[in-house]
Amino acid sequence: MITNPNSLIKNKQAKELVSSDNMKLLQEKLAKYDAPQKAMAAGIYPYFRMIESDQDTEVQISGKKVLMFGSNSYLGLTNHPKVKEAAIEATRKYGTGCAGSRFLNGTLDLHVQLEERLADFVGKEDAIVYSTGFQVNLGVVSCLTGREDYILWDELDHASIIEGHRLSYSTKLKFKHNDMESLEKQLQKCEPDKVKLIVIDGVFSMEGDVANLPEIVALSKKYNASIMVDEAHGIGVLGKQGRGTCNHFGVSQDVDLIMGTFSKSFASIGGFIASDKDTINYLRHNSRSYIFSASNTPAATAAVNASLDIMLNEPERIEHLWKLTNYALDGFRNIGCEIGNTSTPIIPLFIRNNDLTFLIVRELFDAGIFVNPVVSPAVAPDDTLIRFSLMATHTQEQLDYALEAIHKVFRKHKLVP
Ligand SMILES: Cc1ncc(COP(=O)(O)O)c(C=O)c1O
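What counts as what
Residues numbered from 1 in each chain as written. Predicted model: local features only at pLDDT ≥ 70, side-chain atom pairs only at ≥ 80, totals over all residues. Heavy atoms only, no water. Helix = DSSP H or I, 4+ residues; strand = E, 2+ residues; numbered from the N terminus. Rg over C-alpha atoms; globule rule 2.2 N^0.38 Å. Contact = heavy atoms within 4.5 Å. 1 Å grid on protein atoms, 1.4 Å probe; cavity = no way out; pocket = protein on both sides within 12 Å on 5 of 7 lines; lining within 4 Å. Points joined across faces, edges and corners; volume = space filled by probe spheres on them. Nonpolar A, V, L, I, M, F, W, Y, C, P; charged D, E, K, R; others polar. Domains from an automatic or database assignment. Salt bridge = Lys/Arg side-chain N within 4 Å of Asp/Glu carboxyl O. Polar contact = N/O pair within 3.5 Å; in protein donor to acceptor, adjacent residues only side chain to side chain. Axes fitted to C-alpha atoms, helices over the stretch in contact; angles between N-to-C directions. Parallel < 35°, antiparallel > 145°, perpendicular 65-115°, else oblique. Left-handed = near helix turned anticlockwise from the far one by under 90°. Near = heavy atom within 4 Å. Areas by Shrake-Rupley, 256 points an atom, 1.4 Å probe, with all protein chains shown as cover.

1. A closer look at the overall build of the protein
Right, so step 1: When helices and strands are counted, the protein shows 15 helices and 13 strands.
Right, so step 2: Relative to a compact globule of 417 residues, whose C-alpha radius of gyration would be 22 Å, the protein shows 24 Å and is just as compact.
Right, so step 3: Dimensions of the protein, computed from the C-alpha atoms along their principal axes, are close to 85 × 55 × 55 Å.
Right, so step 4: Long-range contacts, defined here as pairs at least 24 residues apart, represent 69% of the contacts in the protein between residues at least 6 apart.

Next up, the structure:
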């Protein structure tokens, strides 16, 4: 068929018109999103505060020193001389990057040694290291189960778990937070001969409460389900030498997959999944965020190795973290703060109002305290909170100062008597 050249020109013009209209529609739509600008204009925008110092219990922001109570570095190792030295040494020996995926040219002896140590640390046969914890959940939860299978997830699971199961073709069943009746109801909906994977946080990242693992394990046995536990906030905090929530409850062998990140107690960046040899073999060859993404840097990997040494050899850090945690939990309860069901160094101070949460974060900053606001979609709109978190390197004096400052600001807003 011979095409009329004029119709080609018309088609081209029509296409250009459509695509320029699309651009306009997109820009129009995005311009309506102005919540950040409004918070900035009100002087309560709480994000992207620029830190000009190292990550320690005291940080410098806009020339002002503030106490850091918003960090995930529960053992305070980001500034430890041995961890820093290990990262520098690895950079000297291996360079700054691996220039490829683990699958092809990006595997170092450092990665493999760390995998062996981590598997042993959490009591599993094998492990693989990813470039971030987010990528672990994305790449693991999305690829283990098939179309006919089920993923059961707690409504307060971390965003990376949710993104992981969004990519999966399995049926997803949400259960109420840490509610065993709700989990059992969902398990009853599953076909008995299909794979069922329960995915949960060991310690919930925003509210600091601990998963009811003994009962989840019992239900998994009753319904022949598998379990994956995200230990992002459990490692370094709970269990023998900080081995995590599964170790704490003595259920490491009943849990099928244990996930961890390096961005919290391990003072670095990256993450891992540990399991039996067959599961890890499957993931090693099928998990897309592992295969199609560059491996983590020599410095980041070596820092984790050094942090693990410290975790194993300096139990006094975890002891001090727990001493501070128990003191802070009592302190906040005595003040009259609503702190939910936490029993860990993550302490939610419920505000239940978006703008007031931002305002209080601002006022606490002015009083020399850095804390994080947690608002929707990280929590339900009525559950907004201030996330207060402890590090093993905090002093009693720093904590007392924070408790007093928080008491003052909360009283001013009539949140406490
Ligand atoms: C429970 C949980 N899982 C996974 C992640 C993701 O880890 P990473 O920061 O290493 O990407 C986080 C980080 O915030 C988390 O809190």
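2. Here we look at empty space enclosed by the protein
Right, so step 1: Taken as a whole, this structure holds one cavity of 30 Å³ or more when the rule is applied.
Right, so step 2: Reported here for the largest cavity is a volume of approximately 40 Å³.
Right, so step 3: Elements that contribute at least two residues to the lining of the largest cavity include exactly β3 (126–130) and α11 (288–291).
Right, so step 4: In terms of residue class, the lining of the largest cavity is made up of four nonpolar, five polar and one charged.

3. Things to note about the domain arrangement of the protein
Many analyses report the size of an interface as the accessible area lost when the parts associate.
Right, so step 1: The assigned domain composition of the protein is domain 1 (41–70 + 315–412) and domain 2 (81–313).
Right, so step 2: With centres defined by C-alpha atoms, the gap from domain 1 to domain 2 works out at 27 Å.
Right, so step 3: Contact residues are listed per partner, giving 17 residues for domain 1 and 16 residues for domain 2.
Right, so step 4: The interface formed by domain 1 and domain 2 contains zero salt bridges.
Right, so step 5: Linking domain 1 with domain 2 are four residue pairs in polar contact (both at pLDDT 80 or more).
Right, so step 6: For the side of domain 1 that touches domain 2, the elements supplying multiple residues, two or more each, are α13 (315–335), β10 (346–350) and β13 (385–389).

4. A few points about the packing of α13 against helix α15 (residues 396–412)
Right, so step 1: Across the interface, α13 lies against α15 with an axial gap of 11 Å and an inter-helix angle of 20°. If you check the angle between α13 and α15, you find them roughly parallel. Between α13 and α15 the crossing geometry is right-handed. Counting all contacts with α13, which are made through Leu324, Tyr327, Ala328, Gly331, Phe332 and Ile335, the residues of α15 involved are Gln396, Leu399, Asp400, Leu403, Ile406 and His407.
Right, so step 2: Considering only residue class, the contact of α13 with α15 consists of eight nonpolar, three polar and one charged.

5. A word on the site of the ligand
Right, so step 1: Taken together, 16 residues lie around the ligand, and Gly133, Phe134, Asp230, His233 and Lys264 are the ones closest in.
Right, so step 2: Gly133 is positioned with one of its backbone polar atoms (N or O) 2.8 Å from an oxygen atom of the ligand.
Right, so step 3: In the model, an oxygen atom of the ligand is placed 2.9 Å from a nitrogen or oxygen of the Phe134 main chain.
Right, so step 4: Relative to its free-state accessible area of 390 Å², the ligand is covered by the protein chains to the extent of 85%.
Right, so step 5: For the shell around the ligand, the elements supplying multiple residues, two or more each, are α5 (133–141) and β8 (257–261).
Right, so step 6: The dominant element in the shell around the ligand, judged by the number of residues it contributes, is α5, at three residues.

6. What to know about the layout of surface pockets
Right, so step 1: In this structure, the largest pocket spans a volume of roughly 1,100 Å³.
Right, so step 2: His158, Ser205, Met206, Val374 and Ala378 are, among the 42 residues lining the largest pocket, the residues nearest its centre.
Right, so step 3: When residues of the lining of the largest pocket are traced back to their parent elements, those giving at least two are α6 (159–166) and β12 (372–374).
Right, so step 4: Sorting elements by how many residues they give to the lining of the largest pocket places β12 first, with three residues.

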